[in-house]
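The lines below spell out each chain.
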Amino acid sequence: MTDRPSTKKGRRPRSRMRRRVTGALALALALGSVGVAYATVAAAATPHSQSAAAAAGAPADDPVEIRKGKQLFEVTCITCHGQNLQGVLNKGPSLIGTGSAAVYFQVSTGRMPVAAQSAQIQEKKPAFNEAETLQIAAYVQSIGGGPEVPTGDLRGTDANLAEGGELFRLNCASCHNFAGRGGALSAGKYAPSLTNASDKVFWTAMLSGPQNMPVFSDNQLTTDQKQAITNYVQTLKTEGDPGGSGIGRLGPVPEGLVIWILGIGAIMLMILWIGAKS
């Protein structure tokens, strides 16, 4: 009889402690699940660029290459862009004056041929190899003219690295993220990641202004400045994050969210621990 009260008193604190520990573990698990789910969704929502082909081989004015390009164009492009590149209503725009640069960017990144019209054409695996892409570009260039695919050194020297960073932050970071990881735009559109883009893709994008991107002709950015930006972005991709784990350089918002979740989780655990002690 004298032992029963002491037994009940001993069980109640253990039961309360068990519930608190269980609650703390459940809270930690929930916060961790939210963080992992958000990081997964954010990573999936960030588009990855297709790897562009090698820099060798520019679209020449070789009649043989142009003829091959015409054959490819007539098989895959003529339905939307017309027999004379004039475009087809509600299917595809005119290619007169777009130049080989625009063709190279769209085809080498897999955006063309397009599978379906949408707010923004998605990147996908290219349907043509490097040689075929340049042949189509050469044909379009021979008919309509316009900005051409650049050749030669597209980066310049490391002496322009700082200038490239300044120009990138001034002209590109507002859409492509300060680390070139891309970002959301209005009306369901987005600025793609630059992670896997080649030098030639950078240049042809600047020269042609695909989709929501403005055209950076020599009046907006000189050749030296384009080289500096290209050099900066390519160098940035090879460097580690100076702040340690940058969570894939997704940007300050997701990084702040992860820090907030971890911080709130730690505070909640501390509150539970203090409550258990009191």
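A few points on the structure. Keep in mind that this is a model prediction, so the values were computed, not measured. (Residues numbered from 1 in each chain as written. Predicted model: local features only at pLDDT ≥ 70, side-chain atom pairs only at ≥ 80, totals over all residues. Heavy atoms only, no water.)

Here we come to the environment of M112. Structurally, M112 can be placed in the loop between helix 4 (99-108) and helix 5 (130-144). Among the residues examined, M112 registers a relative accessible area of 24% and is labelled partly exposed. Residues M112 and C77, 35 residues apart in the sequence, show an inter-C-alpha distance of 8.6 Å. Sequence-distant contacts of M112, that is, excluding residues within four places in its chain, are made with Q106, V107 and K124. (Helix = DSSP H or I, 4+ residues; strand = E, 2+ residues; numbered from the N terminus. Buried < 20%, exposed > 50% of the residue type's maximum accessible area, 1.4 Å probe, protein only. Contact = heavy atoms within 4.5 Å.)

This part covers the nonpolar core. One finds F168, L221, I229 and V233 to be the most contacted residues of the largest nonpolar core, which totals 23 residues. Taken together, the elements giving at least two residues each to this core come down to helix 4, helix 6 (161-171), helix 8 (199-208) and helix 9 (223-238). Looking at this core, the element that brings in the most residues is helix 8, giving five residues. Setting aside its immediate chain neighbours within four residues, F168 contacts A173, H176, N177, F178, G180, L194, I229, Y232 and V233. With 14 residues, the next largest nonpolar core counts I66, V103, A138 and V140 among its residues. (Core = buried A, V, L, I, M, F, W, Y, C linked by side-chain atoms within 4.5 Å.)

With an omega of -5°, the peptide bond between M112 and P113 qualifies as cis. Despite not being glycine, N177 has its phi angle at roughly 80°, a positive value. Among the structural elements, N177 can be located in the loop between helix 7 (173-176) and strand 1 (183-184). One non-glycine residue, A187, adopts positive backbone phi at about 55°. Counting through the fold element by element, A187 comes out in the loop between strand 1 and strand 2 (190-191).

By the definition in use, this model includes two aromatic pairs. Where F73 meets Y139, the ring centres are 5.4 Å apart and the plane angle is 50°; that geometry is what we call tilted. Of this pair, F73 sits in helix 2 (residues 63-76) while Y139 is found in helix 5, placing the two residues 66 residues apart along the sequence. Classification of F73 as buried rests on a relative accessible area of 1%. Centre to centre, the rings of F168 and Y232 are 5.7 Å apart; their planes meet at 45°, and the pair counts as tilted. Remark: Y232 occurs in helix 9 and F168 occurs in helix 6; sequence separation between them is 64 residues. Residue classification places Y232 among the buried residues on the basis of a relative accessible area of 14%. (Phe/Tyr/Trp six-rings, centres within 6.5 Å; stacked < 30°, edge-to-face > 60°.)

Now for the layout of surface pockets. Its boundaries defined by the atoms lining it, the largest pocket holds a volume of some 570 Å³. Taken together, 26 residues line the largest pocket, and the ones lying closest to its centre are H81, P93, L95, Q106 and M112. If you list the elements that add at least two residues to the lining of the largest pocket, you get helix 2, helix 3 (78-81), helix 4 and helix 5. By residue number, the principal contributor to the lining of the largest pocket is helix 4, which donates four residues. Partitioning the lining of the largest pocket into residue classes produces 15 nonpolar, ten polar and one charged. By volume, the second largest pocket is sized at about 480 Å³. Those elements that place two or more of their residues in the lining of the second largest pocket are helix 7, strand 2, helix 8 and helix 9. The dominant element in the lining of the second largest pocket, judged by the number of residues it contributes, is helix 8, at four residues. (1 Å grid on protein atoms, 1.4 Å probe; cavity = no way out; pocket = protein on both sides within 12 Å on 5 of 7 lines; lining within 4 Å. Points joined across faces, edges and corners; volume = space filled by probe spheres on them. Nonpolar A, V, L, I, M, F, W, Y, C, P; charged D, E, K, R; others polar.)

Coordinates in, geometry out; function isn't part of it.
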